[in-house]
Structures are given as C-alpha cells and as structure tokens.
Amino acid sequence: MSWFPTFLNPLTALIAAAIAIPSLLLLYFLKLRRREVAVSSTILWRKAIQDLQVNSPFQKLRKNLLLLLQMLLLIALLLALSRPMAKLAATAGKTSVILIDRSASMSAPDVDGGTRLDEAKRRARDLVNTMGRGSSAMVIAFDDVPQTMQPFTSDAQALRNAIDSIQPTDRKSRLQQAYQLADAQVQFLPEQNRTNKEPPDVWLYSDGRIADPENLRLTGNLKYEKLGSDDTSNIAVVAVSARRNYERPTEVQVFARLASFGPQPVEAPVQLSVAAIDPADPTNLNFQVNRVAGTSLVPDRWGTDKREQEVKARNLSPREGVEFTLELDTGAVLKIEQTNTDGDGLAADDVAYVVVPPPRNLAVLYVDGGDGNPFIERALDSLDLKDMKRLTPQQYEAQIPTEFDVIVFDRYSPTALPPAGNFVYLGGVPPNTKLTAETKEGKRVVAEGGEVLDWKRDHPILRHLVLSKLYAAEMLSLQPPLDAEVLIEGVNGPMLVLYREGRGTHLVVSFDTLQSNWPTRPSFPVFVYNAMQFLALGTDMNVRQAYDPGASPVIPAQNLQRAGESVRRVRLNGPGGSREIDVPPTGEFALPPLNQAGIYTLTPAVPQFEQIAVNLVDPSESNLLPVDTAPGGVGEAVATTSGPARTELWWWIIACVGVPLLMIEWWVYTRRVHL
C-alpha cells in the first residue's frame, strides 16, 4: 500500500496551469481601469502618487484574500485534472470469504520476483489487516478440490496463519466446488452463533485459468483480483505418448507435443533421457541423455490465420512436436524434457515421464469346456509363452487363478472371474457384465450363423486378416452394450466383440470355432497371436499409465501380496518428499493424492507400481496469460495489475478541497460587497 499519489494525466494539468494561472493574475492586473482627469492644483499630487503606488502591478496582489482563495481553488482543480492516483489495499467487509488459487499456474513467477501464489497470499494478508471490529472471514484454498484452511473467525492472526500455510500444487484449477463450499459455510457464523443474513464479500485471488468456467454460481459479492502479468511466456510439453512397436516389442516409439504461450515464436530443444530400471533397486533412477531433437513453435495466443501464415513464411513443420524411436529390451523410465529456459515461466510442465516395463513372455491359461480343441491348443503352443496351463471347468472353479496374463475359455462360460485380467471366450460370454447373450426361457438363443458382413481391418487384432470367407454354423445372439466394440459383424449379428468393464478386458467370439471353418483357414493362428499380444500388452503396448497431478492410484490386493505377505507399511518417495503410509490388512490400497508432477516410488517395491509417473500435460494450466474478467462472468474484477488496487483521488480533491474553497471565496466576496 502506498499513500504517495501518482498522476495519470500530469501533462494536461501542467498545460492547463500554464494557461489558467497567468490568466487569473492578468485579470487582477486589469481589474482597475483609471480615467484621466485634469486637475487644477498640485495639492492632489500626493494623493495621486499614493494611488498610483497602490495600483502598481505587484501592489495589486498584496493582501488580497480573494486572489489567494481563487488561486487555491484553481490549483485544486488543476490537481484534480492531473488525475492523482494512490495504491490502496482493499478493505474487508463485515463478512468475507477469501479464495486462494494454489493450482499449477500459480507457481509461475510474478512481477515482484515471487510466485503468483506468494502475491495472492500477500494481498490476502493485507485484506485481513483491514478487518474492522466485529468482522469475520474464512480462508479456502483450491485447485481442482477446495480445502477450508480456516473457518469463519474474527481472529486476524489465525487467518494470517491459515493463508501462510497454503502450499502450491501441480493440479488443475476448478472453481465450482470451491464456490459450493463457500456457499455452504456462509449461511451460519458459528463463532458469533448467528445466521448470516447479508451476502458476504468473496475475494478471489487467481490468474483466472479455470477449467470449469461454465455453470458457476455463487452467493455473495465476488471480487476477482487478477494475478500475473500479460508478458509472461511459457513453453510446455502438453501431450506425450509412448508405445512398443506392435511387430517389434523391443522398439519403443515416443511422441511429445509442445506449445508456446509467449508473444513471439520460439525454438524448443527437446531431449530424451533414459533410466534403466534395476530389478534389485527399482527406486534408483539414473537418467542418461539418449536423443536430442527440436521443434519451432508459434505462439498459441495467435489466431489460426496468423499461425498458418507464420508456419508458411518460416517453412515450419505443422506438427508442434517431436518423435523418438529407441530400442529397449529392458524396463526403463523415459524423461522427455524441453530445455529452452529463456522466458519459460513454469518448470513443472517442461518434463514428462513414461514408465516402460520390460517386454514380457505371456502366461496363458486354457480352460477347455469340451472334449479338446486341437486347433486352439496348437495355436497357443506355437507362441513363445512363458507359461501355458490347461484346466477343466471344474478345476478352474475350484480355485480361480490370478497369475495368468490371459485366460481362454473355450465353449465354456465361467461363473466367476479374477478381479482383473484379460479373457477370451470362444462360444461363451463373460459373467456379471453388461455384455450378455440373448436368452429365452432360461436358455441362450442360438441363431443360425452365416458369413461375415464386415470387420475392422485396421484394428490390431484383425490387422492383415482376410475374413470374407469365414462361416459359422451357429452362434450366440450377443447383446453388446453401447461402449462395446464390434470387431466382426456377421449377417446375423456380432461375431467378435471387444468389451472393457472395470479392470477386465473381454474378447468374445460368439460361435464355437469347431462349428466353423475358421480353424482351417490361415487367419486363425494369426488371430490367436494378435489377440494374445493385444490383450496382454494392452492398447498402450506395455507402457504404464501416467497419472494427472492429484490422482490417487489404487493398488490391487494381489499386487500387495506379491510384494510380500508382511507388507503393512510402505514409504512413498516423490517430489513432495518422503512419508510412510499404513497398508490396510485386506482389500485394495489407495495411495494419497500425488499433488506434484514427477516420478514416485514405493519402498518396498510393489509389482507394477515400482515407478509411478505423474505429468502436468495440461494446456490450460501451462497457458500463463491471466484472464482479465472474473471467471464465468460471476462477480467483478477489482484490479487489473498486480499490487494493491488503484484508487483515483480527483473527486476527493474536488469534494474535500475545491467545494469548501469555493464556498469560502463566495462568503468573502459577499462580505466585501456589504462593506
């Protein structure tokens, strides 16, 4: 807060002063106009000389109260014309709600050298310092979820402590829940034991980069304090993907897309670093630079036409990304990092991680519901499997196994499945899912088969297959849900359906292969191979899922059991530090929210969760250009620059100085007239 005013229009005031003040003085010089009169005696000379002395130019101004008042009034008007401005802190209302954005973009630097969050906390503390007697306030910090840091209280120190305790996160920013939380708590003031009948003042400290500006509702007078500078630049990794080559599992392809949110085109060098996973110590990661590439970026804030003109003029690639291909026959963690730090405003979005487990040999269980199927057994035997086991339906139902990558049910529909896994049904349907077969009087409807009507030629399971002459004698009448994927459409209904529900992936062939000509055709063993690879490796081809900041990964109970029967506590290591977490004795285990981007590890290592990648790949948070208007059009923006709110003082000068001077001048003038 600064009480010393600055002037928004000083030049105009100076020009006006240069004209008005001499003009006023000139009027006084010309005030008395003497008329020449001839006199007959010199006895009046002394009197004339005295009169001339009194009316000399400078003597006119001596002891002239009216001139002094008029001069002060003129100076006041000229001062008002220069538009003096003071930076004054906002004033808290009777009840106030303080909302502070702590999302990823608030970690960008502010004009004063700190971060936007630091500036938000400073302004909030200034607001608390203006609270009057009997006033109260509450503090809510929010990203994609709100958190009440301090309920309503009139204790200013408690409010300041709550504001200081707010820590930044790399999560997204959402306002709807924060508004709902504020609305829910402003109805009653527990400290004062009364209902709050007046709408409170709601102070929002944010850069306005909100993911949910639609449908915002709020009770109270929202005052939006904009944080950040319009000149802030940033280069970010906004998308990343990686996958093993479908035909060559040791080959990994990585693609990263970047964006620039500054005012000018920039060059963005990108390097790929690889850290091999040591099975003996999976938490030890030593990144080594493997590849370096680069891309040219045009500002995201430019319009489409201007961007296209720039791309054409500079002969740039229309793809704002880089692609790497490398050989990986072991597990590794990949780090994709843009290294242009000139004008980069946010570090969290410069890096993205991908966890690539080693290519694995599959373990397959075959459950035979008939009298044997030499075609499918031969096709499975021809694969390079780590483990191949055969069971009867009775053996399967006696102890449902969980250690296989894929389970094939041939002419058999099981009554139960493992909690997670990949399953193939030949002439059967999965239990307890939305994918069912039509029944009539308790029996499944078996329709006449027929030929293939069409199939998805570009799907990995059916790639390079010719199915036009496939024929089935009879088939189940499947009823796939809307989110299921029909891969082969027959004349009489779906013949092959891919469906995911929960943590299970189900591939359903609606007919008995022995009642068709498929096993005798070349496409059948290729189909078996494709299906095993696709189901075991998944659509991401053996690249583990990366989480958004704030996610809580759920570890299945069987993974904990594989880590050791005695695991009752794990240590979570990551960007936010290290902490120990108790593991529940039974059931799944959900990790606490991972609020910072980076690599997290668990000690002891839990299979499939040895490394957990958390990436900030969010263009909305990486765009650091602050929004001028209040999010969603709710409320008003009360400041357009960082620092305290600006207050113009011209009307204060007129009201407190000009008007009283004018009244005094009129009073003095009227008294002289009476005299």
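Anything mentioned here points back to the structure above.
Residue indices begin from 1 for each chain and proceed along its sequence in written order. Where totals are concerned, whole chains, interfaces and linings use all residues; where local detail is concerned, this predicted model gives features only for residues with pLDDT of at least 70, and gives and counts side-chain atom pairs only at 80 or more. Values reported for side chains reflect all heavy atoms of the structure, with hydrogen atoms and water molecules removed beforehand.

Peer 1: Run through the overall build of the chain, naming residues and quoting values.
Peer 2: Regarding its fold elements, the chain presents 13 helices and 37 strands. Throughout this description, buried means an accessible area under 20% of the type-specific maximum (1.4 Å probe, protein chains only), exposed means over 50%, and partly exposed covers the range between. Looking at the chain as a whole, 47% of its 675 residues qualify as buried. Residue contacts are counted whenever heavy atoms from the two residues lie within 4.5 Å of one another. Contacts in the chain between residues far apart in sequence, at least 24 positions, make up 71% of those at least 6 positions apart. Approximately 34,200 Å² of the chain is accessible, and the part contributed by carbon and sulfur atoms is 53%. Secondary structure elements follow DSSP: runs of H or I no shorter than four residues count as helices, runs of E no shorter than two count as strands, and numbering proceeds from the N terminus. Every accessible area reported is derived by Shrake-Rupley at a probe size of 1.4 Å, with residue values counting cover from the shown protein chains alone.

Peer 1: So, helix α4 (residues 116-129): which residues are in play, and what are the values?
Peer 2: Given the number of residues in a helix, its expected span is that number minus one, multiplied by 1.5 Å. Spanning 14 residues, α4 covers 20 Å between terminal C-alpha atoms, matching the ideal 20 Å at 1.5 Å per step. Among all positions in α4, only R116, L117, E119, A120, K121, R123, A124, L127 and V128 are buried.

Peer 1: Tell me about the sheet that holds strand β16 (residues 351-356), and name the residues and values.
Peer 2: Think of a sheet as strands paired side by side through backbone hydrogen bonds, with each pair either parallel or antiparallel. Strand pairing is defined by DSSP finding a minimum of two bridges between the two strands. The four strands lie next to each other as β13-β12-β15-β16, forming an open sheet whose pairing is antiparallel. Of all the strands in the sheet, just β13 (288-297) and β16 have a single pairing partner and so form its edges. When strand polarity is set aside, the average angle formed by the axes of neighbouring strands in this sheet is 20°. Here six bridges tie strand β15 (residues 332-338) to β16, and the two strands are oriented antiparallel to one another. Across the sheet, residue V333 finds its bridge partner in β16, namely V355. Here, axes are lines fitted to C-alpha atoms. For helices the fit covers the stretch in contact, and angles between N-to-C directions go from 0 to 180 degrees.

Peer 1: Let's hear about the side chain of K121: which residues, and what values?
Peer 2: Checked against the element boundaries, K121 lands in helix α4. From its side chain, K121 meets the backbone oxygen of D164 in a polar contact 3.4 Å long. Those residues in contact with K121 that lie beyond four places of it in its chain are I163, D164 and I166. Under the rule applied, a polar contact is a pair of N or O atoms within 3.5 Å (in protein, one hydrogen donor and one hydrogen acceptor; residues adjacent in sequence only if both atoms are side-chain atoms).

Peer 1: An account of the packing of α4 against helix α5 (residues 156-164) is requested, with residue identities and associated values reported.
Peer 2: Look at α4 against α5: their axes get within 10 Å of each other, and the N-to-C directions meet at 175°. As judged from the angle between their axes, α4 and α5 are roughly antiparallel. Where α4 abuts α5, its residues K121, A124, R125, V128 and N129 lie against A156, L159, R160, I163 and D164. Put simply, angles under 35 degrees are roughly parallel, angles over 145 are roughly antiparallel, angles from 65 to 115 are roughly perpendicular, and the rest are oblique.

Peer 1: Describe the nonpolar core, naming the residues involved and giving the relevant values.
Peer 2: Think of a nonpolar core as a cluster: buried Ala, Val, Leu, Ile, Met, Phe, Trp, Tyr and Cys residues, connected wherever their side-chain atoms sit within 4.5 Å. If you look at the biggest cluster of nonpolar residues, it comprises 38 residues, and the most contacted ones within it are L462, L507, F527, V528 and M532. Ranked by residues supplied to this core, first place goes to helix α10 (residues 523-537) with eight residues. Ignoring sequence-local partners within four residues, the contact set of L507 consists of F423, V424, Y425, I461, L487, L496, V497, L498, F527, A531 and L535. One finds V254, V270, V274 and L297 within the second-largest nonpolar core, a separate group that totals 22 residues.

Peer 1: Which residues make up helix α8 (residues 374-381), and what values go with them?
Peer 2: What α8 keeps buried is the set I376, E377, A379 and L380. On an axial view of α8, the arc spanned by its buried residues comes to 160°, and they lie on one face. By arc we mean the arc of the directions from the helix axis to the C-beta atoms, nothing more.

Peer 1: Lay out the environment of A437 in plain terms, naming residues and giving numbers.
Peer 2: When you line up the elements, A437 lands in strand β21 (residues 436-437). Classification of A437 as buried rests on a relative accessible area of 9%. Distance from A437 to L476, taken between C-alpha atoms, is 6.3 Å for residues 39 residues apart in sequence.

Peer 1: So, the pattern of salt bridges: which residues are in play, and what are the values?
Peer 2: One side-chain nitrogen of Lys or Arg within 4 Å of one carboxyl oxygen of Asp or Glu is enough to make a salt bridge. Using the criterion set out here, one finds 20 salt bridges in the structure. R569 is the salt-bridge partner of D582, the closest N and O atoms lying 2.8 Å from each other. Placement of the pair is D582 in strand β32 (residues 577-582) and R569 in strand β31 (residues 569-574), with a sequence separation of 13 residues. Beyond isolated ion pairs, a larger network of salt bridges with shared partners links E119, R122, R123, D126 and E225.

Peer 1: Explain the pairing of β31 to me, using residue names and the numbers behind them.
Peer 2: Both β31 and β32 contribute to a ladder of six bridges, which runs antiparallel. The partner of L572 across the bridge, within β32, is R579. Here β31 folds back onto β32, and the loop between the two strands holds two residues. Judged from the three bridges that link them, β31 and strand β34 (residues 598-603) form a sheet pairing that is antiparallel. Residue pairing across strands places R571 opposite T603, the latter belonging to β34.

Peer 1: Give me the lowdown on the environment of A447, citing residues and values where you can.
Peer 2: The residue A447 is located in strand β24 (residues 446-455) in this model. Residue class for A447 comes out partly exposed when judged on its relative accessible area of 23%. In this structure, A447 is in contact with E474 and M475, ignoring residues within four places of it in sequence.

Peer 1: Residues and numbers for the sheet that holds strand β10 (residues 235-244), please.
Peer 2: In space, the three strands of this open sheet follow the order β10-β11-β14, with antiparallel pairing throughout. Two strands lie at the open edges of the sheet, namely β10 and β14 (321-327), each paired on one side alone. Looking at each pair of strands side by side, their axes are set apart by 15° on average, direction ignored. Direction of pairing for strand β11 (residues 251-260) relative to β14: antiparallel, over a ladder of seven bridges. The partner of V252 across the bridge, within β14, is L326.

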